[in-house]
Amino acid sequence: MATKKDKNIEKDQNSNILTLKDNEQANLKFEEGLEKLEQTLAELESDGLPLEDAITKYEEGTKYYKFCKAKLESLERKIEIIMKNSATGELEVRPYTRPEIED
């Protein structure tokens, strides 16, 4: 069973690694990247996918995962939290800080 190659993915000529096309990555929204990642995972989980196709799909999924992760991190940096200053009672804008996650 041959898999359909995603038009947003290209093979880097120097490293022979699949990457998101720069122009596609610039235009791709987070939700679209997440949908592509979910589609790729569904294809990987389906029965009967030949090994070579599964490896290609795995590489594509990895690229979409990295894209989504980078996009989320970028958006987190843009988020500002509006907080009430307890001393003055006035609203202040503060940068978002990621909460610490314990292992």
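Everything below is about the structure shown above.
The structure reproduced in this document is the subject of the present report. On a predicted model such as this, the values are computed, not experimentally measured, just so you know.

Little of strand β4 (residues 91-95) is tucked away: 0 of the 5 residues are buried. Hairpin connection from strand β3 (residues 80-84) to β4: 6 residues lie between these consecutive antiparallel strands, with G89 at a positive phi of about 80 degrees.

Okay, the environment of K69 next. Looking at the secondary structure, you find K69 in helix α3 (residues 51-78). Since its relative accessible area comes to 42%, K69 is described here as partly exposed. In this structure the C-alpha to C-alpha distance between K69 and G33, which are 36 residues apart in sequence, comes to 10.0 Å.

Looking at soluble globular proteins, one finds that nonpolar side chains tend to be buried together. One finds L28, F30, L37, Y64, F67 and C68 forming the largest nonpolar core, which totals 6 residues. The set of elements that each furnish at least two residues to this core consists of α2 (30-45) and α3. Considering each element in turn, this core owes the most residues, 3 residues, to α3.

The next subject is the pattern of salt bridges. Enumeration according to the criterion identifies 3 salt bridges in this entry. Of the charged contacts in the structure, one is a salt bridge between K57 and E43, with a shortest N-O distance of 2.9 Å. Residue K57 is found in helix α3, and its partner E43 is found in helix α2; the two are separated by 14 residues along the sequence. In this structure K57 comes out as buried when scored by relative accessible area, which is 4%.

Scoring rules and cut-offs
- Residues numbered from 1 in each chain as written.
- Predicted model: local features only at pLDDT ≥ 70, side-chain atom pairs only at ≥ 80, totals over all residues.
- Heavy atoms only, no water.
- Buried < 20%, exposed > 50% of the residue type's maximum accessible area, 1.4 Å probe, protein only.
- Helix = DSSP H or I, 4+ residues; strand = E, 2+ residues; numbered from the N terminus.
- Pairing = 2+ DSSP bridges.
- Core = buried A, V, L, I, M, F, W, Y, C linked by side-chain atoms within 4.5 Å.
- Salt bridge = Lys/Arg side-chain N within 4 Å of Asp/Glu carboxyl O.

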